[in-house]
Amino acid sequence: MSLKNPDSSPDISGDERSVTISIDKSPPLETQTVCLPPVRTTFQKLIHRLREIFFPDDPFYRFKNQTPLRKWVLGFQYLLPICQWLPSYSFSLFRSDLIAGLTITSLAIPQGISYAKLANLPPILGLYSSFVPPLVYSVLGSSRHLAVGPISIASLVMGTMLSEMVSPTDEPALYLKLAFTSTFFAGLLQASLGLFRLGFIIDFLSKATLTGFMAGAAIMVSLQQLRGLFGIPHLTTKMQIIPVLVSFLTLRKEWSWQTIVMGFSFLVLLLTARKISMRNPKLFWVAAAAPLTSVILSTLLVFLLRSQLPGILKIGKLPKGLNPPSMNKLYFHGPHLGLSIKTGIVTGILTLCEGIAVGRTFASLQNYQVDGNKEMTAIGLMNIAGSCSSCIVTTGSFSRSAVNYNAGAKTAFSNIVMATTVLVTLLFLMPLFYYTPNFILAAIILTAVLGLIDYNDAIHLWKIDKLDFLACSCSFFGVLFISVPMGLAIAVGVSIFKILLHVTRPNIVILGNITGTQVYQSLTRYEKASRVPSFLILGIESPIYFANSTYIKERILRWVREEKERIETNKGSMLKCIILDMTAVTAIDTSGIDAILELNKTLKLSSLQLVLVNPVGNVMEKMWSSKALDLFRMNGLYLTVGEAVADVSSLWKHQQ
């Protein structure tokens, strides 16, 4: 590094790809070189960017330095994860998976029947959906603990969206076709997101949004279960809180006291079992066995008292046998095709969010990785196969997966055990469900969905981020008072607005020096930080794009005006230099460069110097290409704020 006299020109490297500014001082002070990134072609930049967008996890790392045969084996295992664990499968693993599979079956059968009813579909579809999809997932899925089947939120959304346009009682055949078609489009969306590695799209459904949505949906599901718990056959099917409550109160003559007594008795039993398992995880089997036990007990009770309780609403006859094919029932033309696509998109995104979240949760507990894009593909292909075999949309259920994990599942074989047990039920045990009362299904659903109301999370959102709480509230009240899909749409809109707000109105802080150090931090955060006389040091904490470049320029000029007013009031040192710490500016576009050039021009008219500190490689490269760096070669570009303050101050002393 060379040293130059104050009146000499700056030392610029020959290739003009680094800018070094040094000045003879006493004692000598060296400034670090602010370098540009290595030269890359446009094609290389594009490839790097695409790789970071679509392959951030580098799924091909396992193929490096492998023989051709080994690469084929690894590729086959990557496409079919079952090939990873099946060759080394042992009897001890089988024993653990057998116990876990039988345990989750006790939960899957009553939940499957209940969730099919929740979607206004024949109860048998819930059992069909607990047979084929788990088999497909066990071959394609990478999670060891995910237990597959229908979930309450997807069934609710499907039933709500479809019943708004088509009546499940007046047009059951058309309604059934639309349900299968919605499942097909849900699977198509999920598989496409996985295959094209577009899973980042679902990140627009933030945790705050889902918290409010699920809480609102849980309340609506609970209110709809008043039909079964109170024995009200004509309760409205609308999914807004006010119409449901009005219908419930105006139909008091239909209330059945026998149904109310038995329904609430079993509800208390189920809630007690759930509470016991929550307090003592070792007793997980209590909550797992409670639904099937309640179904058996309530069915026996209604059967024995069938002459005394003729008014109890029952499931009725369920067909025996395997899933019938439903490819001929897929609805690909007609006036309701748009409804199927819309329902499929909404349910597909919701089930994908839950499935991925549940899989990653239990993977983290056991310290193994779940490939999100591979999971999307597996869940999507599972639902496509399900739509062709009389199944409704399915995913990994949190309640069943938690039971599966606590029961000691080691591999996805527990899903095969569950599917086999459901198969036996479909072939031989269907007549036993004839006297199963509707109130027990309502009680099972209520027990399941009450866990979706997470008021502690809402309180946490209020304490941490008010905008997140707003998104949560909009989702919650939108579901309750407008509709389920509209509530979700409002919440997504609020989330996107939050993103736009952060992008268009980035944070800019004024920095000060922490006494005795070369550290510069926010004046509002650190009491020991103090202003540097004659300097205004600002930190920009976002990329500079067309969306925020004007705001950043105007906000900096406002800082300058306010600083001048403060100096005039306190009779301090005259403001001479504005330093922009660009460490957090991760990107810039042409509008951002223009804004900096305009800012520099405006400040020069006021005899103020603009200095840039530590622009990152991408920003440096674009400013160098646009020739904007030419304006900052002489005492205008530094690696740290401390160097900038020391070097510019030293220059002022030499000029005096």
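Residues numbered from 1 in each chain as written. Predicted model: local features only at pLDDT ≥ 70, side-chain atom pairs only at ≥ 80, totals over all residues. Heavy atoms only, no water.

A look at the overall build of the chain
Part 1 of the argument: Helices and strands together make up the secondary structure of the chain, namely 25 helices and 11 strands.
Part 2 of the argument: Referenced to the eigenvectors of the C-alpha coordinate spread, the extents of the chain come out at roughly 110 × 65 × 55 Å.
Part 3 of the argument: Across the chain, every contact between residues at least 6 apart in sequence was considered, and the portion connecting residues at least 24 apart equals 77%.
Part 4 of the argument: When the accessible surface of the chain is totalled, it reaches about 31,100 Å², and 63% of it is carbon and sulfur.
Part 5 of the argument: One way to put it: in the chain the 56 positive side-chain charges average out to a point 12 Å from where the 37 negative ones average out. (Helix = DSSP H or I, 4+ residues; strand = E, 2+ residues; numbered from the N terminus. Contact = heavy atoms within 4.5 Å. Areas by Shrake-Rupley, 256 points an atom, 1.4 Å probe, with all protein chains shown as cover. Lys, Arg positive; Asp, Glu negative; His and termini not counted. Charge placed at Lys NZ, Arg CZ, Asp CG, Glu CD.)

What about the UniProt feature "domain: STAS" (unreviewed entry) in the chain?
Part 1 of the argument: According to UniProt, the "domain: STAS" (unreviewed entry) feature falls on residues 525–648.
Part 2 of the argument: A distance of 26 Å separates the end C-alpha atoms of residues 525–648, which is 44% helix and 16% strand. (UniProt positions renumbered as here; feature names shortened; annotations may be inferred.)

Let's talk about the pairing of strand β5 (residues 508–514)
Part 1 of the argument: Burial analysis of β5 places 7 of its 7 residues in the buried class, which makes it a mostly covered element.
Part 2 of the argument: Alignment of β5 against strand β8 (residues 535–540), held across 4 bridges, turns out to be antiparallel. Opposite L511, over in β8, you have I537 as the bridge partner.
Part 3 of the argument: The pairing of β5 with strand β6 (residues 520–522) spans 3 bridges and is classified as antiparallel. When the bridges of β6 are listed, L511 appears paired with S522.
Part 4 of the argument: With antiparallel pairing between neighbouring strands as the criterion, β5 and β6 make up a hairpin whose turn holds 5 residues, including G516 at a positive phi of roughly 85 degrees.
Part 5 of the argument: Pairing analysis gives 2 bridges linking β5 to strand β7 (residues 529–530), with the strands arranged antiparallel. The partner of N513 across the bridge, within β7, is S530. (Buried < 20%, exposed > 50% of the residue type's maximum accessible area, 1.4 Å probe, protein only. Pairing = 2+ DSSP bridges.)

Examining the UniProt feature "transmembrane region" (unreviewed entry) in the chain
Part 1 of the argument: Those places that UniProt annotates as "transmembrane region" (unreviewed entry) correspond, in this numbering, to residues 145–162, 174–196, 208–226, 255–271, 283–305, 411–433, 439–455 and 467–497.
Part 2 of the argument: Summarising residues 174–196: 96% helix, 0% strand, and an end-to-end C-alpha distance of 32 Å.
Part 3 of the argument: In residues 411–433, the share of helix is 74% and the share of strand is 0%. The end C-alpha atoms are 31 Å apart.

Remarks on the domain arrangement of the chain
How big an interface is tends to be expressed through the accessible area that disappears when the partners come together.
Part 1 of the argument: Split by domain assignment, the chain resolves into domain 1 (59–88), domain 2 (93–207 + 269–453) and domain 3 (506–655).
Part 2 of the argument: Computed over C-alpha atoms, the centres of domain 1 and domain 3 are 52 Å apart. (Domains from an automatic or database assignment.)

What to know about the nonpolar core
One broad trend across soluble globular proteins is that nonpolar side chains are buried collectively.
Part 1 of the argument: L121, I124, L125, L127, F213, M220 and L426 are the most contacted members of the largest nonpolar core, which has 114 residues in total.
Part 2 of the argument: Of the residues forming this core, the biggest block, 10 residues, is contributed by helix α8 (residues 172–195).
Part 3 of the argument: Grouped together as the second largest cluster of nonpolar side chains are 36 residues, V34, I510, I552 and A628 included. (Core = buried A, V, L, I, M, F, W, Y, C linked by side-chain atoms within 4.5 Å.)

Some remarks on the layout of surface pockets
To locate leftover empty space, one rolls a probe as large as a water molecule over the atoms.
Part 1 of the argument: Empty space within the second largest pocket amounts to approximately 880 Å³.
Part 2 of the argument: Every residue lining the second largest pocket is counted, 30 residues in all, and those nearest its centre are K117, L118, N120, L121 and R227.
Part 3 of the argument: Partitioning the lining of the second largest pocket into residue classes produces 16 nonpolar, 12 polar and 2 charged. (1 Å grid on protein atoms, 1.4 Å probe; cavity = no way out; pocket = protein on both sides within 12 Å on 5 of 7 lines; lining within 4 Å. Points joined across faces, edges and corners; volume = space filled by probe spheres on them. Nonpolar A, V, L, I, M, F, W, Y, C, P; charged D, E, K, R; others polar.)

Focus: the side chain of N438
Part 1 of the argument: Along the chain, the position of N438 falls in helix α18 (residues 438–450).
Part 2 of the argument: Dropping the residues within four chain positions of it, N438 is found in contact with K117, G228, L313, K314 and I315.

Focus on a nonpolar patch on the surface
Part 1 of the argument: A cluster of nonpolar residues, I242, V246, F477, F481, I482 and M486, forms a patch on the protein surface that exposes about 570 Å² of accessible area.
Part 2 of the argument: Only α11 (241–250) and α20 (466–481) provide two or more residues apiece to the nonpolar patch.
Part 3 of the argument: You can see F481 is positioned in helix α20.
Part 4 of the argument: Given a relative accessible area of 46%, F481 falls into the partly exposed group. (Patch = residues over 30% accessible without salt bridge, like charges linked within 9 Å, V, L, I, M, F, W, Y side chains within 5 Å. Salt bridge = Lys/Arg side-chain N within 4 Å of Asp/Glu carboxyl O.)

Some details on the packing of aromatic side chains
Part 1 of the argument: Following the criterion strictly, the structure yields 19 aromatic pairs and no others.
Part 2 of the argument: Consider the rings of F477 and F481, whose centres lie 6.3 Å apart with planes at 25 degrees: the pair is stacked. Here the residue F477 and the residue F481 both occupy positions in helix α20, the gap between them amounting to 4 residues, near one helical turn.
Part 3 of the argument: In this structure F477 comes out as partly exposed when scored by relative accessible area, which is 46%. (Phe/Tyr/Trp six-rings, centres within 6.5 Å; stacked < 30°, edge-to-face > 60°.)

Side note on helix α6 (residues 132–140)
Part 1 of the argument: α6 sits mainly inside the fold: 7 of its 9 residues count as buried.
Part 2 of the argument: Listing the buried residues of α6 in full gives V132, P133, P134, V136, Y137, S138 and L140.
Part 3 of the argument: Tucked into the core, α6 has its buried residues touching α2 (68–79), α3 (82–85), α5 (124–128), β3 (148–149), α15 (372–387) and α17 (413–429).

Observations regarding the packing of helix α14 (residues 337–366) against helix α16 (residues 398–406)
Part 1 of the argument: Relative to each other, α14 and α16 sit at 20 degrees, their axes nearing to 10 Å. As summarised for this structure, α14 and α16 are arranged roughly parallel, according to the angle between their axes. For the crossing formed where α14 meets α16, the hand is right-handed. Within the contact between the two elements, α14 uses E354, V358, F362, L365 and Q366 and α16 uses F398, S401, A402 and Y405.
Part 2 of the argument: In terms of residue class, the contact of α14 with α16 is made up of 6 nonpolar, 2 polar and 1 charged. (Axes fitted to C-alpha atoms, helices over the stretch in contact; angles between N-to-C directions. Parallel < 35°, antiparallel > 145°, perpendicular 65-115°, else oblique. Left-handed = near helix turned anticlockwise from the far one by under 90°.)

Overview of empty space enclosed by the protein
Part 1 of the argument: Applying the stated criterion to the full structure yields 4 cavities of 30 Å³ or more.
Part 2 of the argument: Volume-wise, the second largest cavity comes out at about 50 Å³.
Part 3 of the argument: Contributions of two or more residues to the lining of the second largest cavity are made by α22 (549–570) and α23 (590–605).
Part 4 of the argument: Counting residues per element, the lining of the second largest cavity draws most heavily on α23, at 4 residues.

A closer look at the environment of I588
Part 1 of the argument: Examined against the element boundaries, I588 turns out to sit in the loop between β9 (577–581) and α23.
Part 2 of the argument: Taking the C-alpha atoms as reference points, I588 and P122, 466 residues apart in sequence, are found 56 Å from one another.
Part 3 of the argument: With residues near it in sequence (within four places) discarded, I588 still touches I544, I593, I596, N618, V619 and K622.

Some details on the confidence of the model for the chain
Part 1 of the argument: Taken residue by residue, the chain gives an average pLDDT of 85. The fraction at 70 or more is 95%.
Part 2 of the argument: Across the chain, the element-wise mean pLDDT spans from 41 in strand β1 (residues 18–19) up to 95 in β9.
Part 3 of the argument: Considering only residues more than four positions removed or in separate chains, one finds that residues 1–29, a stretch of pLDDT under 50, has 65 contacts. (pLDDT = per-residue confidence, 0-100.)

Looking at the pattern of salt bridges
Part 1 of the argument: Going through the model one piece at a time under the given rule, you end up with 6 salt bridges.
Part 2 of the argument: Between K498 and D468 there is a salt bridge, with its nearest N and O atoms 2.6 Å apart. Separated by 30 residues along the polypeptide, K498 in helix α21 (residues 484–504) and D468 in helix α20 bring together distant segments of the chain.
Part 3 of the argument: In this structure K498 comes out as buried when scored by relative accessible area, which is 16%.
Part 4 of the argument: Salt-bridge contacts for E563 lead to R566; the nearest nitrogen and oxygen are separated by 2.8 Å. One end of the pair, E563, and the other, R566, are both in helix α22, 3 residues apart, so they sit about a helical turn from each other.

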